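Here are the chains, one letter per residue:
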Amino acid sequence: MQIKYVTGFSLDAKVIGEVIFEKEEYIAPGFFKMNSKMYPKSWVLRKMFNENDGEIMIRGEKNILKYNSKDKEYWLINVDEYFKKEKKDTVSQSHLSRSLFSIIFESLIDTTDSEFIIQREKVGQFENINGFRAKKWTTTIENSKQKLFFEEWLVKELSLKDTLDSLKFDIMGSLNPNKDRNRRTSYMIFSDDFVRSADSTAVLDSLEGRIVQAKMYTEHAFFKSMSFEIKELYTVSFDAASFTIPETYERVERNE
């Protein structure tokens, strides 16, 4: 048995247009493969910023395979070096995530106006979101100068995602000689984060369950919208080929 998990995050802004980040993960006991893509919708920017990187981990191996699908290249990195870099990246990404959230929030809402109106409502019917039977919630945060509107779809539980996280945690722990199992910062920045920053004393109904899709809209001078979704989450029979790269890829030496 193996699990496939695909998520997407997008940021739409004026001038640069929509930029899409997609992460595809395959995991089975002792095996993990991740591929991440970043591409702007604008064909001009796509030529400069189109990225497609990945990595493969197999329990018991002394190296982690990293690759670039765009350049059709791969290289190996020793597990010690990988997790040293991973630890540094996790810290820097954590700071970057907090800084990014602060910048976005402060840009979207004028905090000099402290009078916020915050409302949340659960929409009645279930909706099919990429195969998930989900309930929709809407949240509005506004003051005299700005308004943010969120749509979020939640399911009661995501047991398969919990299994994926457990398997991923186990393989990273088996490879990491320091047993310092860091996890990368998620791109999910949605209504509860903004509500807490707008008014930490606000009393709202709690979002029930796990988010499978979320969208945020604003009438801002630069930002237009952000979104997150789970595109795929399912199990299939184990296939070792899922944890390989094409034979045509060229091996290169890279310093991480």
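Quick look at the structure, then. The written sequence of each chain sets the order in which its residues are numbered from 1. Per-residue local features of the predicted model are confined to residues with pLDDT of at least 70, and side-chain atom pairs are confined, for both listing and counting, to 80 or more; whole-chain, interface and lining totals are unaffected and use all residues. The basis for the side-chain values is all heavy atoms of the structure; hydrogens and waters are excluded.

Here we come to the overall build of the chain. Counting its secondary structure elements, the chain contains four helices and 12 strands. Think of it in three bands: residues with accessible area under 20% of the maximum for their type are buried, residues over 50% are exposed, and the middle band is partly exposed, with areas taken using a 1.4 Å probe on protein chains only. Taken across its 256 residues, the chain has 41% of its residues classed as buried. Contacts were defined at the residue level, with two residues in contact if any of their heavy atoms lie within 4.5 Å. Looking at the chain alone, contacts between residues at least 24 apart form 60% of all its contacts between residues at least 6 apart. Approximately 14500 Å² of the chain is accessible, and the part contributed by carbon and sulfur atoms is 49%. Strands here mean DSSP runs of E at least two residues long; helices mean DSSP runs of H or I at least four residues long; both are numbered from the N terminus. Exposure was quantified through the Shrake-Rupley algorithm and a 1.4 Å probe, taking into account, for residues, occlusion by the shown protein chains and nothing else.

Each nonpolar core is a collection of buried residues, namely Ala, Val, Leu, Ile, Met, Phe, Trp, Tyr and Cys, held together in the definition by side-chain atoms within 4.5 Å. Formed by 32 residues in total, the largest nonpolar core has its most connected members in Met57, Val212 and Ile230. Sorting the residues of this core by element identifies β1 (2-13), β3 (31-40), α2 (79-108), β8 (132-142), β9 (147-155), α3 (159-175), β10 (210-218) and β11 (223-236) as the ones contributing at least two each. With five residues, the top contributor of residues to this core is α3. One finds Phe9, Ile141, Leu148 and Phe150 within the second-largest nonpolar core, a separate group that totals 11 residues.

The next thing to look at is the pairing of strand β4 (residues 51-58). In this analysis, strands are considered paired if DSSP registers two or more bridges between them. Here β3 runs beside β4; their pairing, made up of eight bridges, is antiparallel. From the neighbouring strand, phenylalanine 32 faces β4, where its bridge partner is methionine 57. When β4 meets strand β5 (residues 63-68), the two strands line up antiparallel, connected through four bridges. If you follow glutamate 55 over to β5, its bridge partner there is lysine 66. Counting the residues between successive antiparallel strands, the hairpin from β4 to β5 contains four residues, one of them, glycine 60, with a positive phi of roughly 95 degrees.

On to the sheet that holds strand β6 (residues 73-78), then. In spatial order, the strands read β7-β8-β9-β10-β11-β1-β2-β3-β4-β5-β6-β12; together these 12 strands make up an open sheet with mixed pairing. The strands lining the two open edges of the sheet, one partner per strand, are β7 (117-129) and β12 (250-251). Axis definition: a line fit to C-alpha positions, over the contact stretch in the case of helices; interaxial angles, taken between N-to-C directions, run 0 to 180 degrees. Taken strand by strand, helix α4 (residues 191-198) contacts β7, β8, β9, β10 and β11, and its axis lies near 25 degrees from that of β8.

With that settled, the discussion passes to the pattern of salt bridges. Salt bridges are defined by distance alone: a side-chain nitrogen of Lys or Arg within 4 Å of a carboxyl oxygen of Asp or Glu. Throughout the structure, instances matching the rule amount to 15 salt bridges. Among the salt bridges present, the one from glutamate 73 reaches arginine 254, with a minimum N-O distance of 3.0 Å. Linking glutamate 73 in strand β6 with arginine 254 in the segment after β12, this pair joins segments that are 181 residues apart in sequence. The partly exposed category is assigned to arginine 254, whose relative accessible area is 34%. For arginine 251, the salt bridge identified is with glutamate 253, shortest N-O distance 3.9 Å. Taking the relative accessible area as the measure of exposure, arginine 251 reaches 45% and is therefore partly exposed. On the basis of relative accessibility, which here comes to 69%, the residue glutamate 253 falls in the exposed class. One salt-bridge network, in which partners are shared between bridges, spans Lys4, Glu24 and Glu232.

When the centres of two rings from Phe, Tyr and Trp lie within 6.5 Å, Trp using its six-membered ring, the rings pair. Their planes under 30 degrees apart give stacked, over 60 give edge-to-face, and anything left gives tilted. Applying the stated criterion to the full structure yields seven aromatic pairs. Geometrically, the ring pair formed by phenylalanine 238 and phenylalanine 243 is stacked, given 6.0 Å between the ring centres and 20 degrees between the ring planes. Owing to a relative accessible area of 38%, phenylalanine 238 belongs among the partly exposed residues under this scheme. A residue is classified by how much of its surface remains accessible, and phenylalanine 243, at 4% relative accessible area, is buried. Taken together, the ring pairs in this structure connect Phe31, Phe238 and Phe243 into an aromatic cluster. Distance and angle both matter: a charge sits over a ring if NZ of Lys or CZ of Arg is within 6 Å of the ring centre and within 35 degrees of the ring normal. Across the ring face of phenylalanine 126, the terminal group of arginine 133 is positioned such that the distance to the ring centre comes to 4.0 Å. Sitting above the plane of the phenylalanine 126 ring, lysine 135 keeps its charged end 4.7 Å from the centroid.

So, on to the side chain of asparagine 68. By secondary structure assignment, the location of asparagine 68 is in strand β5. Only 2.6 Å separates the side chain of asparagine 68 from the side chain of aspartate 53, close enough to count as a polar contact. A 3.5 Å cut-off defines polar contacts: any pair of N or O atoms within that distance qualifies, except that in protein one atom must be a possible hydrogen donor and the other a possible acceptor, and neighbouring residues in sequence count only when both atoms are side-chain atoms. From its side chain, asparagine 68 meets the backbone nitrogen of lysine 70 in a polar contact 3.0 Å long. Those residues in contact with asparagine 68 that sit more than four places away from it in its chain are Glu51, Asn52, Asp53, Glu73, Trp75 and Tyr249.

Restricting attention to buried positions, one finds in α4 the residues Ser191, Phe194, Val195 and Ala198. End-on, the buried residues of α4 take up no more than an arc of 105 degrees, which puts them together on one face. Read the arc as the range of directions from the helix axis to the C-beta atoms.

Keep in mind these values describe shape, not function.
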